[in-house]
Number of protein chains: 2
Amino acid sequence: MNGAESLVTTLLESGIDTCFANPGTSEMHFVAALDQIPGMRCVLGLQENVVTGMADGYFRMARKPASTLLHCGPGLANGWANLHNARRANSAVVNIVGDQATYHRPYDAPLTADTAALAGAVSAWVRTSQSAADVGRDAAAAAAAARTAPGQIATLILPSDTSWDAGGVAARALPVPSAPSIDTFAVDNAARILRQNSNDVLILLGGECALPEAQALAWRIATATGATLKYEYVMGRVSRGRGRLPIERVPYNTDQAITMMASFRHIILVNARPPVGFFAYPGKPSLQYPREAQIHHLSRIDQHPEVALLALAEALNAPAVDMPPSEPCPQIVTGTPTPEGLAQTIAAVMPENAIVSDESISYGRSFYRFTHAAAPHDWLSLTGGAIGDGLPVATGAAVACGGSRRVISLQADGSAMYSLQSLWTQARERLPCTTILLANRKYNILIGEYENVGALPGPTAMSMLDLSNPDLDWVRLANGMGVEAAHATTLEQCADLMKQSFRQDGPFLIELLI
Amino acid sequence: MNGAESLVTTLLESGIDTCFANPGTSEMHFVAALDQIPGMRCVLGLQENVVTGMADGYFRMARKPASTLLHCGPGLANGWANLHNARRANSAVVNIVGDQATYHRPYDAPLTADTAALAGAVSAWVRTSQSAADVGRDAAAAAAAARTAPGQIATLILPSDTSWDAGGVAARALPVPSAPSIDTFAVDNAARILRQNSNDVLILLGGECALPEAQALAWRIATATGATLKYEYVMGRVSRGRGRLPIERVPYNTDQAITMMASFRHIILVNARPPVGFFAYPGKPSLQYPREAQIHHLSRIDQHPEVALLALAEALNAPAVDMPPSEPCPQIVTGTPTPEGLAQTIAAVMPENAIVSDESISYGRSFYRFTHAAAPHDWLSLTGGAIGDGLPVATGAAVACGGSRRVISLQADGSAMYSLQSLWTQARERLPCTTILLANRKYNILIGEYENVGALPGPTAMSMLDLSNPDLDWVRLANGMGVEAAHATTLEQCADLMKQSFRQDGPFLIELLI
């Protein structure tokens, strides 16, 4: 058994059976091992940020890690931005990065780079295997590191000789460290705060609080105490729609976030972090909550929020309650697209159990708010602010669900151009992905940010903020990658095309001029 | 004057008048300053690897640095691979990376990343400005660092408050360190070797040896001594065609490289490095030259090769000679494409003073050899092995030459997908870029590498090596980004389309099925 064969066997032993890949020369023995050893589903991405973004989307739905296969430092660099997003989503990913042979590295051949430095800047765990005999053991450690709560990026760098040399030893799965247990003092403290005066208490939910079990417990606490529930802005996955709790997120806009939190004097964090602005702005504070507010940690990101919330509900003697009744499902809106009209239209036609991958950026700020009453679905957001994750996350989520759930990408055009190669993988794997490509033909978020500077953009600025001249034609781009597509200019056209896409297998793209 | 205004003024003072950009929120004050202060040409790329690759191509032709404008750690990561290639091409680039405000960084907002670590792994010079008052001074230092021989990557990280705060101070251009002077011992030593027995001497030329002046001196030495001239494999720019020296490069294939060098007992390096394999292979040596060969350094990469070669020619009393007569220019070949036939066809139709950006990978291994007798042109290669530089380098080269020279991209399909967004910039700037998209619909280089492992790829391997299912349609992809395009299946069709594209302004893409 060579090192590469021990790697494949060990990954499978550790429950990793999906590999998002863009291999190169130094990974050929791993590719050959995948040929020899059945059980790994391999999905090709035509650029590495597609590969890593798919692994992120896969984890968010499957709740177990996939592996990636990347080629040397530059391959890792190409996929780095979506690993950053995955890290901010607390997604577990095992990166396998092939690299120069141990004895070849000192010669600094052209493709030699500081792979470990790149890996270290985005991973919780990094190791470079030193020999074929180590690869199995190292791969098992990588898998355990990735699975360590709440989910981590683990990067295993494999010099090519550690793959091709004989002496590989497959390793068994390592035990994954348990999540730290809940702090009873934190529970008692939160109960004390909530018993005093709940009107000024915000319970800020993060991470896995947005899955159904924790939601129900949070609602039980809020009903018993009158405290306010919000999600933090960055949420990797929110289970929502009818039958789930319609919890708003802290707004992206820092003024709105500050206004939203102004009346609270206590913020109880449940797997969330103290809210800070996405960016700093001149004259505005970094922290979005009032100076006089006290921050209380009920549970941290590596703890089980449903355990903490259950303990708190019991400490409060909060009785079991039904989830609140949902609003009626919105109807299809007709005419010229507006953000609210589009959101209602999407909510109206969304099939049961859909997955929404939201990278709608500026246009979609209200999409979330107007889709609470849609059919039950999961909502995946851009977590780390590195644009270009919407299409890959959608693709990986579809892979995770084996094609059984429709994925809807709400996708801005500027960020779509970062990883448009995802569409090809959607076509190749015949994934049930419907992309609503929101074509405003500008970096609209930046035009808003520019205006915050205090002026309207002049010609030089607009040359960097405007995406027209020439207009992108997303129907042709999608067709060029084997994805069926159509233009829409009205909401009813968009609704018809969405419904049509839901009836057929495989991907579809709707370019909606907004 | 705020920090951003001092930055723009200082860059212009330092002779940097072109900015390849993909800005974000933290760069809006820089964008606003560009609006206020005339003189900087700004060119937008829709993904950062396009931005950095354009800066590389720009330097290779302009021989002076451009700046890039990138957004935070992930923006730098997205452009990292082409900075790696630029580093291997010894291209000077000044990266401006906007980042979180100094006082906001401790809060670890979602888009916070270890920007300095990313920068350090690819840059010769990195600095993070600490206040608005420092920005001008730091920008002048960055420009001088980039211009330091042979050309370097300099990265200036600007926390957003250093841009927007008042107190900016524009700085004058700093003196650029002189290149180290030539070592007379090295010249005497090389002359001694060449006088002894030139049949077993290889003069290996790198870097700027491939510009016309050094070429002529190298030919003078070779004519006087009988020594063999070769270029190293990695060459950022080679001036060639009729009237230039038809020097071959060391082959990419390590067996061929070893064979080529087997008879040499002395290798004189002129701005070149001892030849090593691009990758290691089981049972093959890393070093491609014979163990018994002696390596002699005439000049290093940061020295002026034309000074070293002139000193050597004079030490040898080598008389001035004419360049060798060129072979007749090849004729257009007809029928089904072959690598040799396509190379001859390109040579036949290539206009005077063209620029070739070669990322043809496996199919194009013989393109270089069959185009020596074309009209005079410059040949730009993939230097660092990180695929996806061909189209951006072509785009930046066209910007550098102000549209006065036709740029021909010889572009493989797999690597083209890495940075296809370049086509949009070509259309927006109406650049005279003709892309010959070589569609073999597979990662053919990897299929060859796989077969080196000792077997034919099975279905799992082919799922990661084959780019069909679905086929990419490059005419639609180009059209989708505003670039006129056509399919060709024969060499005469390709020749006709090339000639047609040379007569018109702006870009054109030919998808050639090979």
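The rules behind each value
- Residues numbered from 1 in each chain as written.
- Chains lettered and ligands numbered in written order.
- Predicted model: local features only at pLDDT ≥ 70, side-chain atom pairs only at ≥ 80, totals over all residues.
- Heavy atoms only, no water.
- UniProt positions renumbered as here; feature names shortened; annotations may be inferred.
- Helix = DSSP H or I, 4+ residues; strand = E, 2+ residues; numbered from the N terminus.
- Rg over C-alpha atoms; globule rule 2.2 N^0.38 Å.
- Buried < 20%, exposed > 50% of the residue type's maximum accessible area, 1.4 Å probe, protein only.
- Contact = heavy atoms within 4.5 Å.
- Domains from an automatic or database assignment.
- Salt bridge = Lys/Arg side-chain N within 4 Å of Asp/Glu carboxyl O.
- Polar contact = N/O pair within 3.5 Å; in protein donor to acceptor, adjacent residues only side chain to side chain.
- Axes fitted to C-alpha atoms, helices over the stretch in contact; angles between N-to-C directions.
- Parallel < 35°, antiparallel > 145°, perpendicular 65-115°, else oblique.
- Left-handed = near helix turned anticlockwise from the far one by under 90°.
- Nonpolar A, V, L, I, M, F, W, Y, C, P; charged D, E, K, R; others polar.
- Expected span 1.5 Å × (residues − 1).
- Pairing = 2+ DSSP bridges.
- Least-squares fit on C-alpha atoms with pLDDT ≥ 70 in both.
- Lys, Arg positive; Asp, Glu negative; His and termini not counted.

Within an unreviewed UniProt entry, the label attached to chain A reads Acetolactate synthase large subunit, and the organism entered is Cupriavidus lacunae. Listed in UniProt under the heading Sequence similarities (unreviewed entry), the comment for chain A reads: "Belongs to the TPP enzyme family."

*Asks:* I would appreciate a short explanation of the overall build of chain A in the present structure.
*Replies:* Each helix and strand counted, chain A has 20 helices and 17 strands in total. Taken over the C-alpha trace, chain A has a radius of gyration of 24 Å; the compact-globule value for 514 residues is 24 Å, and the two agree within 12%. For chain A, the spread of C-alpha atoms along the three principal axes comes to 65 × 60 × 45 Å. Expressed as a percentage of its 514 residues, the buried residues of chain A come to 66%. Contacts spanning at least 24 positions in sequence make up 80% of the contacts within chain A whose residues lie at least 6 apart.

*Asks:* Just to check I follow, could you spell out the domain arrangement of chain A for this structure?
*Replies:* One frequent convention defines the size of an interface as the accessible area lost when the parts assemble. All names here are of chain A. Considered domain by domain, chain A is made up of domain 1 (3–164), domain 2 (184–315) and domain 3 (339–513). When each unit is reduced to the centre of its C-alpha atoms, the spacing between domain 1 and domain 2 is 35 Å. Facing eight residues of domain 1, the contacting portion of domain 2 comprises eight residues. A salt bridge links Arg-63 to Glu-208, with the shortest nitrogen-to-oxygen separation between them at 2.6 Å. Our count for the contact surface shared by domain 1 and domain 2 stands at four residue pairs in polar contact (both at pLDDT 80 or more).

*Asks:* Would you mind showing me how to read the packing of helix H9 (residues 184–196) of chain A against helix H12 (residues 305–315) of chain A here?
*Replies:* Helix-helix packing is characterised by the crossing angle of the two axes and by the distance between the axes. Residue and element names in this part refer to chain A. Here H9 crosses H12 at 50°, and the two axes come no closer than 9 Å. Between H9 and H12, the angle falls in the class oblique. For H9 against H12, the interelement crossing comes out right-handed. Taking contact as the criterion, the partners of Val-187, Ala-190, Ala-191, Leu-194 and Arg-195 in H9 are, on H12, Ala-308, Ala-311, Leu-312 and Ala-315. Per-class residue counts for the contact of H9 with H12 are eight nonpolar, no polar and one charged.

*Asks:* What's the story with helix H9 (residues 184–196) of chain B in this structure? I'm lost.
*Replies:* Think of an α-helix as turning once every 3.6 residues; residues three or four places apart then point the same way. Residues and elements named next belong to chain B. Over its 13 residues, H9 extends 18 Å from the first C-alpha to the last, a length consistent with the 18 Å expected when each residue adds 1.5 Å. Taken residue by residue, H9 has Ala-186, Val-187, Asn-189, Ala-190, Ala-191, Ile-193 and Leu-194 as its buried positions. Those residues of H9 that are buried are in contact with strand S7 (201–205), helix H10 (212–225), strand S10 (266–270), strand S11 (294–299) and helix H12 (305–315). The backbone nitrogen of Phe-185 lies 2.9 Å from a side-chain oxygen of the residue at the head of H9, namely Asp-183.

*Asks:* In this structure, what is going on with the UniProt feature "domain: Thiamine pyrophosphate enzyme TPP-binding" (unreviewed entry) in chain A? I would like to understand it.
*Replies:* Look at the UniProt record and you will see "domain: Thiamine pyrophosphate enzyme TPP-binding" (unreviewed entry) annotated at residues 367–511 of chain A. As annotated, residues 367–511 of chain A comprises 41% helix and 19% strand, and the C-alpha atoms at either end are separated by 17 Å.

*Asks:* Would you explain the sheet that holds strand S8 (residues 228–231) of chain B in this entry?
*Replies:* Pairing between the strands of a sheet is mediated by backbone hydrogen bonds and can be parallel or antiparallel. All names here are of chain B. Strand order in this open sheet of four strands is S8-S7-S10-S11, and the pairing throughout is parallel. Whereas interior strands pair on both sides, the edge strands pair on one side only; in this sheet they are S8 and S11. Adjacent strand axes in the sheet meet at a mean angle of 25° when their direction is disregarded. Pairing of S10 with S11 involves five bridges; the strand directions are parallel. Directly across from Leu-269, in S11, lies its bridge partner His-297. Sheet contacts for H10: S7 and S8; angle to S8, the most-contacted strand, approximately 150°.

*Asks:* Explain the pairing of strand S17 (residues 508–513) of chain B here, please?
*Replies:* The side chains of a regular strand alternate between both faces of the sheet. Residues and elements named next belong to chain B. The buried fraction of S17 is high, at five of six residues. In the sheet, strand S15 (residues 433–439) pairs with S17 via six bridges, with the strands oriented parallel. Across the sheet, residue Ile-436 finds its bridge partner in S17, namely Ile-510. As paired elements, strand S16 (residues 484–488) and S17 share five bridges and run parallel to each other.

*Asks:* Just checking my understanding: could you explain the pattern of salt bridges for this structure?
*Replies:* Side chains that carry opposite charge are capable of pairing whenever their charged atoms lie near each other. Under the criterion given, the structure shown has 40 salt bridges over all chains. The residue Asp-471 of chain B makes a salt bridge to Arg-441 of chain B at a minimum N-O spacing of 2.9 Å. Here Arg-441 of chain B lies in the loop between S15 and helix H17 (444–453) and Asp-471 of chain B lies in the loop between helix H18 (459–465) and helix H19 (474–480), a separation of 30 residues in the sequence. A residue is classified by how much of its surface remains accessible, and Asp-471 of chain B, at 37% relative accessible area, is partly exposed. Overall, the relative accessible area of 23% leaves Arg-441 of chain B in the partly exposed class. One network of salt bridges, with partners in common, ties together Arg-127, Asp-134, Arg-137 and Asp-138 of chain A.

*Asks:* For this particular structure, what's the right way to read the sheet that holds strand S12 (residues 354–359) of chain B?
*Replies:* Residue and element names in this part refer to chain B. An order of S9-S13-S12-S14-S15-S17-S16 is seen for the seven strands of this open sheet, with the pairing classed as mixed. At either margin of the open sheet sits one strand with a lone partner, and together these are strand S9 (238–240) and S16. Across the sheet, the mean angle from the axis of one strand to that of its neighbour is 20°, orientation sign disregarded. Strand direction decides the pairing type here: S12 and strand S14 (residues 407–412), joined by five bridges, are parallel. Following the sheet pairing, Ser-357 is matched in S14 by Ser-409.

*Asks:* I keep staring at the UniProt feature "domain: Thiamine pyrophosphate enzyme N-terminal TPP-binding" (unreviewed entry) in chain A and nothing clicks. Help me out?
*Replies:* UniProt's entry tags residues 1–106 of chain A with the feature "domain: Thiamine pyrophosphate enzyme N-terminal TPP-binding" (unreviewed entry), counted in the numbering of this structure. A helix fraction of 48% and a strand fraction of 20% characterise residues 1–106 of chain A, whose end C-alpha atoms lie 27 Å from each other.

*Asks:* Sorry, what's going on with the side chain of His-372 of chain B here?
*Replies:* All names here are of chain B. Counting through the fold element by element, His-372 comes out in the loop between S12 and strand S13 (377–381). Of the residues examined, His-372 reaches a relative accessible area of 14% and is grouped as buried. Among the polar contacts made by the side chain of His-372, one reaches the side chain of Glu-248 at a distance of 2.8 Å. Beyond its immediate chain neighbours, meaning those up to four positions away, His-372 contacts Arg-240, Gly-241, Arg-242, Pro-246, Ile-247 and Glu-248.

*Asks:* For this particular structure, what's the right way to read the relation of the copies chain A and chain B?
*Replies:* One copy of the chain maps onto the second through a rotation around an axis plus a translation along that axis. Note on the identical chains: chain A maps onto chain B by a rotation of 180° and an axial translation of 0.0 Å, with an RMSD of 0.0 Å. Taken together, the rotation and translation describe the operation of a two-fold axis. When the interface residues of chain A are mapped onto chain B, 100% of them again fall at the interface, so both copies present the same face.

*Asks:* Got a minute to help me understand the side chain of Arg-249 of chain A in this structure?
*Replies:* Residues and elements named next belong to chain A. Counting through the fold element by element, Arg-249 comes out in the loop between strand S9 (238–240) and helix H11 (254–261). One buried charged side chain, Arg-249, makes no salt bridge at all; its nearest oppositely charged neighbour is Asp-358, positioned 4.6 Å away. At 2.9 Å, the side chain of Arg-249 forms a polar contact with the backbone oxygen of Tyr-233. Other than its neighbours up to four places away in sequence, Arg-249 contacts Tyr-231, Glu-232, Tyr-233, Met-235, Tyr-368, Trp-379 and Ser-381.

*Asks:* What is the right way to look at unusual backbone geometry in this model?
*Replies:* Excluding glycine, a negative phi dihedral is what most residues carry, and trans is how most peptide bonds are arranged. All names here are of chain A. That bond from Asn-469 to Pro-470 is cis: its omega, -5°, falls within 30 degrees of zero. We note that Arg-63 has phi near 55°; this positive angle belongs to a residue other than glycine. Residue position: Arg-63 is located in the loop between helix H3 (48–62) and strand S3 (66–71). If you check the backbone angles, Asn-317 has positive phi at about 50° while not being a glycine. Mapped onto the elements of the fold, Asn-317 is located in the loop between H12 and helix H13 (339–349). Accessibility expressed as a relative area gives 67% for Asn-317, which makes it exposed.

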